[in-house]
Amino acid sequence: MPVEIYKDKFTGKVLEVILGATKEQGGTRAYTVKLGGSSTLPFLYYEGELPNRPVIAMEVWDIKPQWSSSFEPYYGDVWNDPVAWAKKAEEYGADVVYLKLMGADPELENSRSAADCAKLVKDVLAATGAPLMVEGPGFPEKDNDVLQAVAEAAAGENIALGAAEKDNYRGIAAAAMMGRHCIIGRSPLDINILKQLNIMITEMGVPINKVLNDPITSGLGYGIEYSFSVMERARWGALIGDKMMALPVVCLAGPEAWRGKEANAANADAGPGWGDEKDRGIIWEAMTAAALLQAGGDLLLMRHPEAAKLVRKQIEELAVPNKY
Amino acid sequence: MGLTGLAIFKLLPKTNCGECGVPTCLAFAMALAAGKATLSQCPYVSNEAREALDAATAPPIKLVKMGSGDKVLAIGDEQVIFRHDKTFYHPTGIFIEVADNDANLAAKIDEINGIVIERVGQKYEVDGVAIANASGSADTFKAAAEAVAGKTDKAIILLTECPTCMEAAAGAIAARKPLLYAATADNYEKMVAVAKKVDAPLAVKGADLNAMAELVAKIDYKELVIDSGARQISQVIADQTQIRNGAVKKRFRPYGYPTIAFTTEADPAMEVLEAQAFISKYASIVVLKTTKTEYLMALFTWRSNLYTDPQKPIAVQPGVYAIGAANENSPVYITTNFSLTYYTVATEVESTRLPSYLIAFDTDGLSVMTAWAGGKFIGEAIGPWLKDSDINEKVKKKVLIIPGGVAAIKGKIEDLSGWEVMVGPRDSSGITSFAKLRLNV
Ligand code: B12
Ligand code: SF4
């Protein structure tokens, strides 16, 4: 007697969102990236469709970051040249470039202007072929100015603009609409807010298939279980038919993992049994990202090229369809 | 659980005598189905009915124990598919595989014993050693089992499909209650006999999910751990998901046991990521090869995160803690009683080498920023508490150091407590240099 294969019968599916636009589509990207589309839980190929593999975006800053020395051999020569850095990220295998405009922080001495940000985005687009995501410095007013200018400069490229939050989404949504770009909605580990934000963004007129969700990632050891469960709940909601949860999920795995002491501590400051600092930081990030893949992460933002390489390799193996 | 009220009703005497405390058998059946009554309240159930009901109300996945002394490992007995539905109860056992013919076996066991990782007040150790019968010889296997048992008190898994080898090794260390891996379609009768004889749990391995279920159904022994035989990561995830769903949602008995999974990746970094996927997707035991502690730390941390109760954050007892030999001139720091936050900060305060007081303020186990956003770590709460706290008597200088992320609460605390507030760094890793620069002691 063969065993009965248990299958959940889902009626909903995650919407497909496309990042980037090629020449034929009015942009200049070498390729586009499709996110989402799942009609089942992660990697259960026997049960439904998983048309698009999770992709890896790599983080690029517009100013030199205060990162662990572990990054020096990979990016040491491009810290002050975001365009060259973006090209490097592509060489390291980024499917998507994620530009964080930290230099536009209004509290910095030489805060980057909106016009400068727009120019930088143009330069990055000219130098690279990957689809682009751009995040503002995280100050509502400045984010609005900067992303407005960026959206204009990148018109036609179908980039993603972030991050829109509950109290600050109008300006970014307007910018996304105007440039026909995608938007990243960020909600604080709360599936009701996630849903509400998607409703508000789409009510403003942003097409639903231009919205990505960042339900807030927390790093390994620092609250990741909350992100994992919120993602599982949202994905379940999407699959049973809630369209306002049915959007591809973006996980900021790299930045969050590297906030942890375990990722950064030099051997001299390490706790008992922590092992060597270099591999410790890399695995901390890779483990964060890989765990979130299992909860349905569609796009993983990675920081360390070696961590990205490990996760990419695992994605390949996870992409082998299982069957009965 | 499992049976509907109506199904239970069919098994009851239907006399409506009322002795169970509710007026009718149907009402009692409904109460049972809802988990609000126990079967023993009805004195008249037949033995057959009792058996059927016991089976139906048994936990969906059996609890299985292995190991001895204070290193007993309990696995299984999970009740949900998603941790947010309730919680996961029995963390995946993490085992390291060794070969019985390894010339450096003793040193390897020392190394495994030596893996003790500490972070944020938690201590992580490997749960056990899996000994592979690489030699194919019963004598070597037995000697290795004895050697390992002599060197570690951790749980042991014996890996061989040769019943005579198993009998030799399991017999020698029966008191340690090793897990015997594995009974297969070819050897199961003998393996079951060994397991019964030494009274140890037995793993059942199938060529696939189907073969595994068939084999389990044939085996008249209940201390089982199951393995569908899959090794490719995506198939393991599928099989583990089938097993968990079938056990929990369908009460399919052959799936009602803890599971075991083995890594195949040669690169240790990839191997721990693979083990992560198995832990995330329901494996009760994972067996891996790497002993690299930086990799294992990440894996243990993930296991610990996944298995925390989503309903209640791990918290420390609120109160004032002395870090080092604190005295009346020591600085006073405040943080929350979320265990992660507290230990992160305590470690940093400790590394200033300055005896200090650290207040774990009661935020119901929320982190600083979360508690602040939730109105639990604010001046209105901290100020009055501080004013009445016995820390007032303990120190001469009434200066409180607060996390930089909540600089905004400074004024209110000062107003309501009479203390002076110093805004510390945002991230606790800045505390050492902060102490050097700002606390001129
Ligand atoms: C996990 C999490 C949750 C979990 C709570 C887990 C818990 N036990 O606390 C849940 C899901 C429940 C949650 C809920 C909410 N959250 Co929350 N959450 C997080 C998250 C992802 C991680 C928090 C964490 O564990 N950090 C790790 C610990 C160690 O950090 P920490 O306590 O702050 O400690 C650090 C520093 O403050 C400092 N430090 C600590 N103590 C001290 C002491 C001294 C003296 C010094 C010098 C330094 C110092 O050092 C530590 C290490 O760096 C953060 C975002 C993020 N990635 O940080 C959001 C975050 C904190 N949450 C946020 C919000 C808004 C909320 C909610 C209000 C959302 C909602 N609408 O439901 C609720 C409120 C909950 C409630 N009812 O009270 C916001 C806060 C925004 C703000 N700045 O006000 C954040 C920042 C997310 C965001 N960007 O929107 N959250
Ligand atoms: S005690 Fe038993 S027989 Fe009597 S009413 Fe209750 S369930 Fe029915």
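Cut-off values and rules
- Residues numbered from 1 in each chain as written.
- Chains lettered and ligands numbered in written order.
- Predicted model: local features only at pLDDT ≥ 70, side-chain atom pairs only at ≥ 80, totals over all residues.
- Heavy atoms only, no water.
- Near = heavy atom within 4 Å.
- Polar contact = N/O pair within 3.5 Å; in protein donor to acceptor, adjacent residues only side chain to side chain.
- Helix = DSSP H or I, 4+ residues; strand = E, 2+ residues; numbered from the N terminus.
- Nonpolar A, V, L, I, M, F, W, Y, C, P; charged D, E, K, R; others polar.
- Buried < 20%, exposed > 50% of the residue type's maximum accessible area, 1.4 Å probe, protein only.
- Pairing = 2+ DSSP bridges.
- Right-handed = clockwise from strand over helix to strand, strands pointing away.
- Domains from an automatic or database assignment.
- Contact = heavy atoms within 4.5 Å.
- Buried area = accessible area lost by both parts, 1.4 Å probe.
- Salt bridge = Lys/Arg side-chain N within 4 Å of Asp/Glu carboxyl O.
- Axes fitted to C-alpha atoms, helices over the stretch in contact; angles between N-to-C directions.
- Parallel < 35°, antiparallel > 145°, perpendicular 65-115°, else oblique.
- Left-handed = near helix turned anticlockwise from the far one by under 90°.
- Core = buried A, V, L, I, M, F, W, Y, C linked by side-chain atoms within 4.5 Å.
- Phe/Tyr/Trp six-rings, centres within 6.5 Å; stacked < 30°, edge-to-face > 60°.
- Expected span 1.5 Å × (residues − 1).

Novice: Would you mind showing me how to read the site of ligand 1 here?
Specialist: Residues in contact with ligand 1 amount to 37 residues; listed here are only the nearest, Thr335(B), Thr341(B), Gly365(B), Ser367(B) and Val368(B). Residue neighbours of ligand 1 fall on chains A and B, so the site bridges chains. Measuring from an oxygen atom of ligand 1, one finds a side-chain N or O atom of Asp190(A) at 3.2 Å. In this structure, Glu256(A) approaches ligand 1 through a side-chain N or O atom, which is 3.1 Å from a nitrogen atom. At the level of secondary structure, the elements contributing two or more residues to the shell around ligand 1 comprise strand 14 (332-336), helix 12 (339-350), helix 13 (368-373) and strand 16 (399-402) of chain B. If one sorts the elements of the shell around ligand 1 by residue count, helix 13 of chain B sits on top with five residues. Across the shell around ligand 1, the residue classes break down as 21 nonpolar, ten polar and six charged.

Novice: Just to check I follow, could you spell out the pairing of strand 7 (residues 182-186) of chain A for this structure?
Specialist: One face of the sheet, then the other: side chains in a regular strand alternate in exactly this way. Residues and elements named next belong to chain A. Burial analysis of strand 7 places five of its five residues in the buried class, the great majority of the element. Along strand 7, one buried face is formed by Cys-182, Ile-184 and Arg-186 and the opposite face, lined by Ile-183 and Gly-185, is buried too. Relative to strand 7, strand 6 (residues 160-164) runs parallel, the two sharing three bridges. By the bridge assignment for strand 7, Leu-161 is matched with Ile-183. Between strand 6 and its parallel partner strand 7, the chain crosses via helix 5 (residues 170-179), and the hand of that crossover is right-handed. Of the pairings in the sheet, the one linking strand 7 to strand 8 (residues 211-214) comprises four bridges and is parallel in character. Residue pairing in the sheet places Ile-184 in a bridge with Leu-212 of strand 8. With helix 6 (residues 191-203) bridging strand 7 and its parallel neighbour strand 8, the resulting β-α-β unit is right-handed.

Novice: Would you mind going over the domain arrangement of chain B with me for this structure?
Specialist: Interface extent is often summarised as the accessible area lost during association of the parts. Entries for chain B in the domain assignment read domain 1 (5-56), domain 2 (64-306) and domain 3 (319-438). Taking the mean C-alpha position of each, domain 1 of chain B and domain 2 of chain B sit 38 Å from one another.

Novice: Hey, could you run me through the site of ligand 2 in this one?
Specialist: What surrounds ligand 2 is the set Pro13(B), Thr15(B), Asn16(B), Cys17(B), Gly18(B), Glu19(B), Cys20(B), Cys25(B), Phe28(B), Cys42(B) and Pro43(B). Across the shell around ligand 2, the residue classes break down as seven nonpolar, three polar and one charged.

Novice: Sorry, what's going on with the interface of chain A and chain B here?
Specialist: On the side of chain B, 54 residues touch chain A, which itself brings 50 residues to the contact. Overall, the association of chain A and chain B removes approximately 4,600 Å² of surface from exposure, summing both partners, and the carbon and sulfur fraction of that is 61%. On the chain A side of the interface with chain B, the three residues burying the most area are Val3(A), Tyr6(A) and Met287(A), jointly 14% of the side's total. At the boundary of chain A with chain B, the tally comes to five salt bridges. For Lys292(B), the salt bridge identified is with Asp279(A), shortest N-O distance 2.7 Å. Our enumeration of links across chain A and chain B arrives at 23 residue pairs in polar contact (both at pLDDT 80 or more). Only helix 7 (224-239), helix 9 (261-264), helix 10 (277-293) and helix 11 (305-318) of chain A provide two or more residues apiece to the side of chain A that touches chain B.

Novice: Would you mind going over the packing of helix 11 of chain A against helix 10 (residues 268-280) of chain B with me for this structure?
Specialist: For any two helices packed against each other, the geometry is given by the interaxial angle and the distance between the axes. Following both chains from N to C, one finds helix 11 of chain A and helix 10 of chain B inclined at 55°, their axes separated by 10 Å at the closest point. Between helix 11 of chain A and helix 10 of chain B, the angle is such that the two are oblique. The way helix 11 of chain A lies across helix 10 of chain B gives a crossing that is right-handed. Here Leu310(A), Lys313(A) and Gln314(A) of helix 11 of chain A lie close against helix 10 of chain B, whose contacting residues are Ala269(B), Met270(B), Leu273(B), Glu274(B), Gln276(B) and Ala277(B). Residues of the contact of helix 11 of chain A with helix 10 of chain B, tallied by class, amount to five nonpolar, two polar and two charged.

Novice: When you look at the sheet that holds strand 14 of chain B in this model, what are you seeing that I'm missing?
Specialist: Strand pairing within a sheet occurs via backbone hydrogen bonds; the two strands may be parallel or antiparallel. Residue and element names in this part refer to chain B. Reading across from one edge, 13-15-14-16-17 is the order of the five strands in this open sheet, with mixed pairing throughout. In this open sheet, the two strands that pair with only one neighbour each are strand 13 (319-323) and strand 17 (420-423). Within the sheet, the average angular offset between the axes of one strand and its neighbour, ignoring direction, is 30°. With five bridges joining them, strand 13 and strand 15 (residues 356-361) adopt antiparallel strand pairing. Considered in strand 15, the bridge of Ile-323 is made with Ser-356.

Novice: Whenever I open this one, the side chain of Thr202(A) confuses me. Can you help?
Specialist: All names here are of chain A. Along the polypeptide, Thr-202 turns up in helix 6. Polar contacts involving the side chain of Thr-202 include one to the main-chain carbonyl oxygen of Ile-199, which spans 3.0 Å. Each residue touching Thr-202, except ones within four places of it in the same chain, is listed here: Ile-208, Val-211 and Met-244.

Novice: What is the right way to look at the nonpolar core in this model?
Specialist: Note on soluble globular proteins: their nonpolar side chains tend to be buried together. Within the largest apolar cluster, 166 residues are counted, with the highest numbers of intra-cluster contacts made by Met302(A), Ile131(B), Leu158(B) and Leu180(B). With ten residues, helix 10 of chain A is the single largest residue contributor to this core. Ignoring anything within four residues of it in the chain, the contact list for Ile131(B) reads Val98(B), Asp100(B), Phe141(B), Ala144(B), Ala145(B), Val148(B), Ile156(B), Ile157(B), Leu158(B) and Leu159(B).

Novice: What is the right way to read the packing of aromatic side chains from this model?
Specialist: Within a pair of aromatic rings, the relevant descriptors are the distance that separates the centres and the angle that separates the planes. Residues and elements named next belong to chain B. One pass over the structure, following the stated rule, counts 22 aromatic pairs over all chains. Aromatic pair Tyr-124 and Phe-300: ring centres 5.6 Å apart, planes at 25°, arrangement stacked. Remark: Phe-300 occurs in helix 11 (residues 293-306) and Tyr-124 occurs in strand 5 (residues 122-125); sequence separation between them is 176 residues. Residue Tyr-124 shares its accessibility class with Phe-300, and that shared class is buried. Geometrically, the ring pair formed by Phe-252 and Tyr-255 is edge-to-face, given 4.7 Å between the ring centres and 85° between the ring planes. Taking the relative accessible area as the measure of exposure, Tyr-255 reaches 1% and is therefore buried.

Novice: Would you mind showing me how to read helix 11 of chain A here?
Specialist: Three- or four-residue spacings in an α-helix give side chains the same orientation, since the helix completes a turn every 3.6 residues. With 14 residues, helix 11 of chain A should cover 20 Å at 1.5 Å per step; its first-to-last C-alpha distance of 20 Å lies within 8% of that length. Pro305(A), Ala307(A), Ala308(A), Leu310(A), Val311(A), Gln314(A), Ile315(A) and Leu318(A) are the residues of helix 11 of chain A that are buried. Buried residues along helix 11 of chain A sit in contact with strand 3 (55-61), helix 1 (72-75), helix 10 and strand 10 (299-302) of chain A together with helix 9 (233-249) and helix 10 of chain B.

Novice: When you look at the pattern of salt bridges in this model, what are you seeing that I'm missing?
Specialist: A side chain of one charge can pair with a side chain of the opposite charge when the charged atoms of the two come close. Applying the stated criterion across every chain yields a total of 31 salt bridges over all chains. Where Asp77(A) meets Lys88(A), a salt bridge forms, and the shortest distance between an N and an O atom there is 3.0 Å. Taken as a pair, Asp77(A) in the loop between helix 1 and helix 2 (82-91) and Lys88(A) in helix 2 lie far apart in primary sequence, eleven residues in all. Given a relative accessible area of 59%, Asp77(A) falls into the exposed group. With its nearest N and O atoms 2.8 Å apart, the salt bridge here joins Asp127(B) to Arg303(B). Separated by 176 residues along the polypeptide, Asp127(B) in the loop between strand 5 and strand 6 (128-132) and Arg303(B) in helix 11 bring together distant segments of the chain. Across the pair, Arg303(B) and Asp127(B) agree in class, each one buried.

Novice: Hey, could you run me through the side chain of Ser304(B) in this one?
Specialist: Residues and elements named next belong to chain B. Tracing the chain through its elements places Ser-304 in helix 11. Residue classification places Ser-304 among the buried positions, given a relative accessible area of 17%. In terms of polar contacts, Ser-304 uses its side chain to reach the side chain of Gln-122, at 3.2 Å. When near neighbours in sequence (up to four residues on either side) are disregarded, Ser-304 contacts Gln-122 and Tyr-124.

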